[in-house]
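# Tertiary structure, described
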Amino acid sequence: MPDVFINYRTGDEESAATMIARELARRFGDERIFFASNSIEPGSRFPVELVRAVEECEALLAVIGPRWAEVRGTDGRPALKAEQDWTRREIQTALDRGALVIPVLVGKATRIDRAALPDDLLELADCQYKRFDHRNAESDLTALGDTLARLLPELGATDRDVRAVRERSAANSREKPARDTGHTRMRTRDVEQRVRGGIGALNGDLSGTFVNEPQGPVNTGGGHQYNAPHFEGDNTGVQFTAGDNSGTVHQRFERERRQSDDGR
């Protein structure tokens, strides 16, 4: 059973009707959209299929261009005035059923002229409409599809565009923890390499500042400061710096100083 019936008049805006039908079929599925030239199989009885589809649809889109009320039949009169005009009969059936009827005004069609409507279609002029312009085709088609998805929940449940967005969001959610884990591993490895290359193995709080080759006092703010061992001369003494960065204490142990102290 089709959810949406595309109604249009031959000689007015077939191209717009075709674009609308094609986009809605892509988004919601071919079986959900009735468009006579695509939905009626060869050999099927045209009148029977039209009546069945319009009697079962949830919504009818009446595609109306600037020539919609002007196209003339074989008798030279406006086709809309003929009771057997299929465009008129489809709209009338949908209105009588209480189905959702949405006029889609195309291009320069700015309104529905009540004076041009037969009595059984006067209600059409009161229906809130949507617009379609070939220059804004993409955004207008998206807006039309969004409206139908909102007004017809069962149709909205088949929305392929919404499903694609959800799948991309889910994929991104799965990838994010993996990226975060990789970044954490890289940061941990970087710290480990700095520790091995500069200050050896440390236990406990590593929130301070690491300095590999101190050339003098270094203050970088709060936190501990760790200076890697720095050897000078004949490697008989070691200079290192420790503290909490509020002041720097230098300790230098040398063989000569130690010998001097021992002699006192």
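Data block above holds the structure.
A few points on the structure. Given the structure is predicted, the values throughout are model-derived calculations rather than measurements. (Residues numbered from 1 in each chain as written. Predicted model: local features only at pLDDT ≥ 70, side-chain atom pairs only at ≥ 80, totals over all residues. Heavy atoms only, no water.)

### Some words on the overall build of the chain
Applied cut-off: Strands here mean DSSP runs of E at least two residues long; helices mean DSSP runs of H or I at least four residues long; both are numbered from the N terminus. When a residue's accessible area, from a 1.4 Å probe over protein chains only, is under 20% of the maximum for its type it is buried; when over 50% it is exposed; and in between it is partly exposed. Two residues qualify as a contact provided that any one of their heavy atoms is within 4.5 Å of a heavy atom in the partner residue. Accessible surface is estimated by sampling points in the Shrake-Rupley manner with a 1.4 Å probe; for residues, cover comes only from the protein chains shown.
Within the chain, the regular secondary structure consists of eight helices and 10 strands. Across the 264 residues of the chain, 34% fall into the buried class. Considering only contacts in the chain between residues 6 or more positions apart, those separated by 24 or more positions represent 62%. Of the roughly 16,500 Å² of accessible surface on the chain, a fraction of 48% belongs to carbon and sulfur atoms.

### A look at the pattern of salt bridges
Rules: Each salt bridge in this description consists of a side-chain nitrogen of Lys or Arg and a carboxyl oxygen of Asp or Glu lying within 4 Å of one another.
Under the criterion given, the structure shown has 13 salt bridges. Arg9 serves as the salt-bridge partner of Asp85, at 2.7 Å between the closest nitrogen and oxygen. Taken together, the residues Asp85 in the loop between strand 3 (59–64) and helix 4 (86–97) and Arg9 in the loop between strand 1 (4–7) and helix 1 (14–28) connect sequence positions 76 residues apart. Residue classification places Asp85 among the buried residues on the basis of a relative accessible area of 13%.

### Notes on the environment of Ile6
Counting through the fold element by element, Ile6 comes out in strand 1. For Ile6, a relative accessible area of 3% translates into the label buried. Measuring from C-alpha to C-alpha, the distance between Ile6 and Ile20 comes to 8.2 Å, with 14 residues separating the pair along the chain. Not counting residues within four places of it along the chain, the set of residues in contact with Ile6 comprises Ala17, Ile20, Ala21, Leu24, Ile33, Phe34, Phe35, Leu61 and Val63.

### Considerations on the pairing of strand 4 (residues 100–106)
Definition in use: Following DSSP output, two strands are said to pair if at least two bridges run between them.
Of all seven residues that make up strand 4, six are buried, and the element is covered over most of its length. Judged from the six bridges that link them, strand 3 and strand 4 form a sheet pairing that is parallel. Residue pairing for strand 4: Val63 is matched across the bridge by Val104.

### Notes on helix 1
An α-helical turn contains 3.6 residues, so any two residues separated by three or four positions project in the same direction. To be explicit about the condition: An expected span of 1.5 Å times one less than the residue number is assigned to each helix.
Taking 1.5 Å per residue, 15 residues should reach 21 Å; helix 1 reaches 21 Å between its end C-alpha atoms and fits that length. Gly29 sits one or two positions beyond helix 1 and adopts a positive phi of about 110 degrees.

### Focus on the environment of Asp85
Sequence separation of Asp85 and Arg9 is 76 residues, and the distance between their C-alpha atoms is 9.6 Å. Once residues lying within four places of it in the same chain are set aside, the contact partners of Asp85 are Arg9, Ala79 and Leu80.

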